Amino acid sequence: MRKVVSGLFVSLDGVVQSPNEWQFEFDEEMGQELARTLETADTILLGGVTFTEWAGYWPTVTSGEDAGFARWINESPKYVVSSTLDSVDDWANSTLVKGDLTTAIKELKAGEGKDITVAGSPTLVRSLLELGLLDELVLLIHPVVAGEGRRKLFTDDAPMTRLHLVDTRPTSSGVIIATYRPAS
């Protein structure tokens, strides 16, 4: 069975919003972690906000250092979970998830293929975790306090959820790559 895996950049104070504003370094080890995602996943889950932001950008990237990722994300099947979008037709290979989220994700997991990665989309990550649908959470924890009212991965009223640490690696820039799985 396929796994649903999320990888997120997060600050020490739990911020996930706009990592481009507080992520000061991107080192080789972080690049290797993201390359591993490209190798092990062939399907992408996106929330509505991330889809809207990325649909206008990634299809336009055809050269430069991000061209490989752009090609991968543009060609891969994308499933968009949103209660506000009516259509996702403006980005090739995108499907709007309709109906019950649990049923839709279980069908994707039971299908053929590699892992399913959640790209950005912290609200979706929270929902998947609460519903018991997220198999692995990889946090790239940056040594910075982002602050300034930015959105955090978990809200103050999030239900208590136990996770098990299954791997941790420091990087040359001081980022900690921590992999968690939900406690059974």
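First things first, this report covers the structure right here in the doc. (Residues numbered from 1 in each chain as written. Predicted model: local features only at pLDDT ≥ 70, side-chain atom pairs only at ≥ 80, totals over all residues. Heavy atoms only, no water.)

**Remarks on helix α1 (residues 28–40)**
Thought 1: Between the first and last C-alpha of α1 there are 18 Å, a value that for 13 residues agrees with the 18 Å anticipated at 1.5 Å per step.
Thought 2: Its side-chain oxygen placed 3.1 Å from the backbone nitrogen of Glu29, Asp27 serves as the N-cap of α1. (Helix = DSSP H or I, 4+ residues; strand = E, 2+ residues; numbered from the N terminus. Expected span 1.5 Å × (residues − 1). Polar contact = N/O pair within 3.5 Å; in protein donor to acceptor, adjacent residues only side chain to side chain.)

**Remarks on the nonpolar core**
Thought 1: Counting residues in each nonpolar core, the largest one holds 21 residues, and the members touching the most others are Val4, Leu45, Ile105, Val118, Leu128 and Leu134.
Thought 2: Broken down by secondary-structure element, the contributors of at least two residues to this core are β1 (4–11), α4 (101–110), β5 (115–119), α5 (122–130) and β6 (136–142).
Thought 3: In terms of residue count, α5 provides more of this core than any other element does, four residues in total.
Thought 4: Here Ile105 is in contact with Val4, Leu45, Leu128 and Leu133, once residues within four sequence places are set aside.
Thought 5: Grouped together as the second largest cluster of nonpolar side chains are 15 residues, Ile44, Val61, Ile73 and Leu96 included. (Core = buried A, V, L, I, M, F, W, Y, C linked by side-chain atoms within 4.5 Å. Buried < 20%, exposed > 50% of the residue type's maximum accessible area, 1.4 Å probe, protein only. Contact = heavy atoms within 4.5 Å.)

**Here's the deal with the pairing of β6**
Thought 1: In terms of residue burial, β6 counts as a mostly covered element, since seven of its seven residues are buried.
Thought 2: The two faces of β6 match: Glu136, Val138, Leu140 and His142 on one face and Leu137, Leu139 and Ile141 on the other face are all buried.
Thought 3: Note: β1 against β6, seven bridges, orientation parallel. Following the sheet pairing, Leu8 is matched in β6 by Leu139.
Thought 4: As judged from the five bridges shared by β6 and strand β8 (residues 176–182), these two strands associate in the antiparallel manner. Pairing of Leu140 across the sheet is with Ile177, part of β8. (Pairing = 2+ DSSP bridges.)

**Some points on the environment of Leu129**
Thought 1: Within the secondary structure, Leu129 sits in helix α5.
Thought 2: With 106 residues separating them in the primary sequence, Leu129 and Gln23 have C-alpha atoms 25 Å apart.
Thought 3: Once you skip the residues sitting within four places of it in the chain, Leu129 turns out to touch Leu134, Phe154, Thr161, Leu163 and Pro182.

**Regarding the packing of aromatic side chains**
Given two aromatic rings, their pairing is described by the distance between the two centres and the angle made by the two planes.
Thought 1: A full pass over the atoms with the stated rule returns six aromatic pairs.
Thought 2: When the centroid spacing of 5.8 Å and the interplanar angle of 40 degrees are considered together, the rings of Phe51 and Trp91 count as tilted. Taken together, the residues span a long stretch of sequence, with Phe51 in helix α2 (residues 48–55) and Trp91 in the loop between β3 (78–81) and β4 (94–96) at a distance of 40 residues.
Thought 3: By relative accessible area, which is 2% here, Trp91 ends up buried.
Thought 4: Between Tyr57 and Trp58, the aromatic rings sit 4.8 Å apart at their centres with planes inclined by 75 degrees, giving edge-to-face as the arrangement.
Thought 5: Residue Tyr57 is classed as partly exposed on the basis of its relative accessible area of 41%.
Thought 6: Members of the aromatic cluster, connected to one another through ring pairs, are Trp54, Tyr57, Trp58, Phe69 and Trp72. (Phe/Tyr/Trp six-rings, centres within 6.5 Å; stacked < 30°, edge-to-face > 60°.)

**What to know about the side chain of Glu136**
Thought 1: Mapped onto the elements of the fold, Glu136 is located in strand β6.
Thought 2: Classification of Glu136 as buried rests on a relative accessible area of 6%.
Thought 3: Residues contacting Glu136, with those up to four places away along its chain left out, are Lys3, Val4, Val5, Ser6, Arg36, Thr179, Tyr180 and Arg181.

**Observations regarding the pattern of salt bridges**
Thought 1: Counting across every chain of the model gives nine salt bridges.
Thought 2: Taking the shortest distance from any N to any O, the salt bridge between Arg150 and Glu148 comes out at 3.7 Å.
Thought 3: Residue classification places Glu148 among the exposed residues on the basis of a relative accessible area of 70%.
Thought 4: One salt bridge connects Arg169 with Asp167, and the closest N-O pair in it is separated by 2.6 Å.
Thought 5: If you follow the salt bridges from partner to partner, you end up with Glu33, Arg36, Asp167 and Arg169 in one network. (Salt bridge = Lys/Arg side-chain N within 4 Å of Asp/Glu carboxyl O.)

Honestly, it's all geometry; don't read function into it.
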